[in-house]
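# Secondary and tertiary structure notes
Residue strings, one per chain:
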Number of protein chains: 2
Amino acid sequence: MRTDICEMFGIEYPIFAFTPSEKVAAAVSKAGGLGVLGCVRFNDAEDLDKTLTWLDENTDGKPYGVDVVMPMKIPTEGKAVDLKAMIPDEHISFVERTLQQLGVPPLPEGEGREGVLGWLHSVARSHVDVALAHRPVLIANALGSPPVDVIEQAHAAGVKVAALAGAAKHALSHVANGVDIIVAQGYEAGGHTGEIAGMVLTPEIVDAVGPDVPVLAAGGIGSGRQVAAAMALGAQGAWTGSLWLTVEEYDLSAGTGIRDALLKAGSGDTVRTRVYTGKPARLLKTKWTEAWEAEDAPTPLPMPLQNLLVADAHNRMNGGDNPDTISMPAGQIVGRTNEVRPVADVMADIIREYEETVDRLAKSGR
Amino acid sequence: MRTDICEMFGIEYPIFAFTPSEKVAAAVSKAGGLGVLGCVRFNDAEDLDKTLTWLDENTDGKPYGVDVVMPMKIPTEGKAVDLKAMIPDEHISFVERTLQQLGVPPLPEGEGREGVLGWLHSVARSHVDVALAHRPVLIANALGSPPVDVIEQAHAAGVKVAALAGAAKHALSHVANGVDIIVAQGYEAGGHTGEIAGMVLTPEIVDAVGPDVPVLAAGGIGSGRQVAAAMALGAQGAWTGSLWLTVEEYDLSAGTGIRDALLKAGSGDTVRTRVYTGKPARLLKTKWTEAWEAEDAPTPLPMPLQNLLVADAHNRMNGGDNPDTISMPAGQIVGRTNEVRPVADVMADIIREYEETVDRLAKSGR
């Protein structure tokens with residue numbers, strides 16, 4: 001399973017694992033892949049700093065990466081309180097009415113009022129500044145190319161930059177900005193995603209950027225057969241995410257709702273929708289996403305307003321135990337995460353099945 | 001590239017080519033794949049009979065298949081004239097207004113009044129009856145499992161039956177009905193398709209039906225890398241379609257509009273919509289599909305009414321030379337069909353690239 005990108009990062013297997021959990025990231029890195037810590041949940045730079053210090057000390061010296069959410073163009077900015085004034089009353093009352101109809105309890109007094117500020121440009125920049133004071137080998141950006149000065153800042157620190165792309169023209173633009181690695185984010189992937197499936201997108205991006213730019217395939221990858229398919233398509237490895245939401249090491253769920261929803265969902269139980277952030281993203285299909293598809297539902301707001309609108313609702317739903325009323329990004333591979341397993345077992349299965357697959361293809365003759 | 005399905009049909013490569021053109025089907029079979037003639041365009045049993053006689057005589061004795069469009073449940077039936085009475089005036093006037101706005105000329109007097117009756121159950125049955133008097137090795141059904149008596153009729157004639165499936169539960173139901181081969185039709189595929197992308201769907205169906213039922217991967221496949229990916233995912237071969245719409249042998253286009261649209265389209269220039277038949281199908285994105293997405297557009301009718309509604313419009317648009325006003329099923333692989341080439345060259349490239357890919361994977365080490 002070795003490709004050039006393994007040399008680039010000093011890793012054994014080209015399995016990149018995006019995860020909001022530092023425990024999971026550390027376990028993947030220790031198992032020979034590259035754990036990539038999602039930073040969007042850190043409103044407070046000091047929290048991220050502490051978490052990265054923990055990662056520095058708990059990966060047995062193995063490399064890790066970080067993932068930020070940063071638009072190339074600087075969007076409407078401001079404190080949460082200013083932005084909230086831009087949210088129409090119709091949207092606020094729809095959210096409140098929906099939560100009532102779905103029986104979602106309120107948060108305890110004083111909790112969750114701030115929302116997730118990682119979607120704001122200034123906060124994402126602070127994530128980069130904090131990260132570069134630690135020892136990540138990679139900064140990935142979920143929204144495509146970061147601003148050029150951020151890329152230069154990373155390069156000056158000896159850190160590679162990866163950017164997600166859902167179309168070949170975006171990949172080319174990222175490379176022109178200085179991005180080192182393209183993550184070909186297929187339609188089947190969780191979170192922000194485009195409409196072109198990985199089977200078509202990966203080779204298209206590989207051919208567009210040429211042999212000097214490594215491409216990782218993202219979307220629908222959770223097994224050795226799928227890693228082999230991604231590499232057959234020309235990717236140097238796999239970018240995975242949803243796969244790691246149900247591992248034993250994952251410890252971020254306040255209630256049991258999210259984990260139960262992930263464990264029971266089939267591959268058809270996701271939906272690509274603008275309700276999470278304002279940009280199309282793949283989420284688990286739940287009563288919450290269905291409510292937004294009803295005829296009386298308002299149109300989701302643009303980023304970053306939509307996430308501010310629903311941030312409290314997310315906290316109320318996702319802290320609970322009801323798998324039918326959560327709001328959770330997940331890709332179509334969620335149909336395969338049906339039990340809680342340790343990271344090391346998931347990795348070992350991928351590697352074994354990859355080897356079997358390559359042997360099978362070689363034996364099927366030429 | 002040999003798998004068990006090659007033995008089953010006596011073919012050299014497990015490349016199945018769905019095409020409405022007998023010339024293309026014959027060329028694929030002669031090149032070592034299996035040409036599969038789409039029958040839906042034949043309103044007249046005698047025409048199909050003649051075409052299959054031509055195929056019998058022009059494939060150098062190589063096998064070929066046929067493809068019908070037959071729902072498992074027998075739908076509302078009747079002559080076209082009865083069904084047309086069920087179409088709301090609003091829909092008829094929308095179609096007429098749209099064609100006017102798009103500047104689509106009327107058909108010559110007396111042409112194209114009948115629509116495509118192959119969508120009707122009785123006509124699809126006549127296709128099966130006619131086909132079995134010839135020597136197809138395979139009857140495929142684009143709408144899933146055919147009725148059980150049709151499967152038995154095929155088996156009695158020594159003909160295998162394939163059915164498209166967009167979800168594992170549908171594949172299991174097809175197998176329970178007696179279907180021999182499952183075509184895993186991914187989201188990226190042209191024509192009728194579901195929402196699960198091939199990267200996830202193919203291994204899911206392979207695992208669901210077990211090792212005794214061959215699975216062909218469909219959607220987004222047009223190169224050797226993609227065939228290798230499909231086989232890595234566990235498929236015994238590839239089901240292809242859009243790839244063959246721009247080959248030299250294709251001779252069904254009345255005007256230049258369709259071919260020009262296919263040649264210029266990128267992978268992002270398709271859309272999954274109900275406007276073609278009433279069921280979700282992937283088409284080229286054109287001014288016609290856009291018109292149906294406008295706020296004033298009516299909701300598409302159920303099958304078979306929608307196709308009757310738009311049949312004349314299709315004839316008017318698709319006979320012309322304007323690539324922006326056509327209605328044409330195509331998958332996301334259309335981004336790669338950018339020149340007119342002979343079938344033999346397309347096949348040779350697939351086989352060469354497949355071999356290179358398997359070698360590359362083997363060499364990337366274990």
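The name given to chain A in an unreviewed UniProt entry is Nitronate monooxygenase family protein, with the source organism recorded as Nocardioides dubius.

### Examining the pairing of strand β9 (residues 237-240) of chain A
Residue and element names in this part refer to chain A. Burial along β9 is two-sided: the residues G237 and W239 and A238 and T240 are all buried. Pairing of strand β1 (residues 15-19) with β9 involves three bridges; the strand directions are parallel. Bridge pairing in β9 places I15 opposite A238. Pairing geometry for strand β8 (residues 215-218) and β9, over three bridges, is parallel.

### Digging into the nonpolar core
Membership of the largest hydrophobic core comes to 82 residues, with the highest contact counts inside it found for A:W244 and B:W244. Not counting the four nearest positions on each side in its chain, B:W244 is found in contact with B:I15, B:A17, B:F18, B:V24, B:V28, B:Y250, B:V343, B:V346 and B:M347. Counting residues in hydrophobic clusters, the runner-up holds 38 residues, among them B:A154, B:V161, B:L201 and B:I205.

### Structural notes on the sheet that holds strand β10 (residues 270-273) of chain A
Each strand in a sheet pairs with its neighbour through backbone hydrogen bonds, running either in the same direction (parallel) or in the opposite one (antiparallel). Residue and element names in this part refer to chain A. In spatial order, the strands read β7-β11-β10; together these three strands make up an open sheet with antiparallel pairing. Two strands lie at the open edges of the sheet, namely β7 (191-192) and β10, each paired on one side alone. Direction of pairing for β7 relative to strand β11 (residues 281-284): antiparallel, over a ladder of two bridges. Bridge assignment links G191 to a residue of β11, and that residue is R282.

### Some remarks on the domain arrangement of chain A
All names here are of chain A. On domain assignment, one finds that chain A holds domain 1 (1-77 + 120-249 + 342-366) and domain 2 (78-113 + 261-332). The distance between the C-alpha centroids of domain 1 and domain 2 comes to 26 Å. Listed by partner, the interface residues are 16 residues for domain 1 and 18 residues for domain 2. With both chains or domains summed, domain 1 and domain 2 bury close to 1500 Å², and 65% of this area falls on carbon and sulfur atoms. At the junction of domain 1 and domain 2, the tally comes to one salt bridge. R272 serves as the salt-bridge partner of E195, at 3.9 Å between the closest nitrogen and oxygen. In this structure, the connection of domain 1 to domain 2 is made through nine residue pairs in polar contact (both at pLDDT 80 or more). Its residues assigned to classes, the side of domain 1 that touches domain 2 shows five nonpolar, eight polar and three charged.

### A look at the packing of aromatic side chains
Considering all chains together, one arrives at nine aromatic pairs over all chains under this definition. Plain terms: the ring middles of B:F9 and B:F16 are 5.8 Å apart, the flat faces sit at 75° to each other, and that makes the pair edge-to-face. A relative accessible area of 0% means that B:F16 is categorised as buried. For the ring pair B:F16 and B:W239, a centre distance of 6.4 Å and an interplane angle of 25° mean the geometry is stacked. Linking B:F16 in strand β1 (residues 15-19) with B:W239 in strand β9 (residues 237-240), this pair joins segments that are 223 residues apart in sequence. You can call B:W239 buried: its relative accessible area is 7%. The structure contains a cluster of three or more aromatic residues connected by ring pairs, namely A:F9, A:F16 and A:W239. Here B:K23 stacks its cationic end above the ring of B:W54, 5.9 Å away from the centre of that ring.

Quick notes on the rules
- Residues numbered from 1 in each chain as written.
- Chains lettered and ligands numbered in written order.
- Predicted model: local features only at pLDDT ≥ 70, side-chain atom pairs only at ≥ 80, totals over all residues.
- Heavy atoms only, no water.
- Buried < 20%, exposed > 50% of the residue type's maximum accessible area, 1.4 Å probe, protein only.
- Helix = DSSP H or I, 4+ residues; strand = E, 2+ residues; numbered from the N terminus.
- Pairing = 2+ DSSP bridges.
- Core = buried A, V, L, I, M, F, W, Y, C linked by side-chain atoms within 4.5 Å.
- Contact = heavy atoms within 4.5 Å.
- Domains from an automatic or database assignment.
- Buried area = accessible area lost by both parts, 1.4 Å probe.
- Salt bridge = Lys/Arg side-chain N within 4 Å of Asp/Glu carboxyl O.
- Polar contact = N/O pair within 3.5 Å; in protein donor to acceptor, adjacent residues only side chain to side chain.
- Nonpolar A, V, L, I, M, F, W, Y, C, P; charged D, E, K, R; others polar.
- Phe/Tyr/Trp six-rings, centres within 6.5 Å; stacked < 30°, edge-to-face > 60°.
- Lys NZ or Arg CZ within 6 Å of the ring centre and 35° of its normal.

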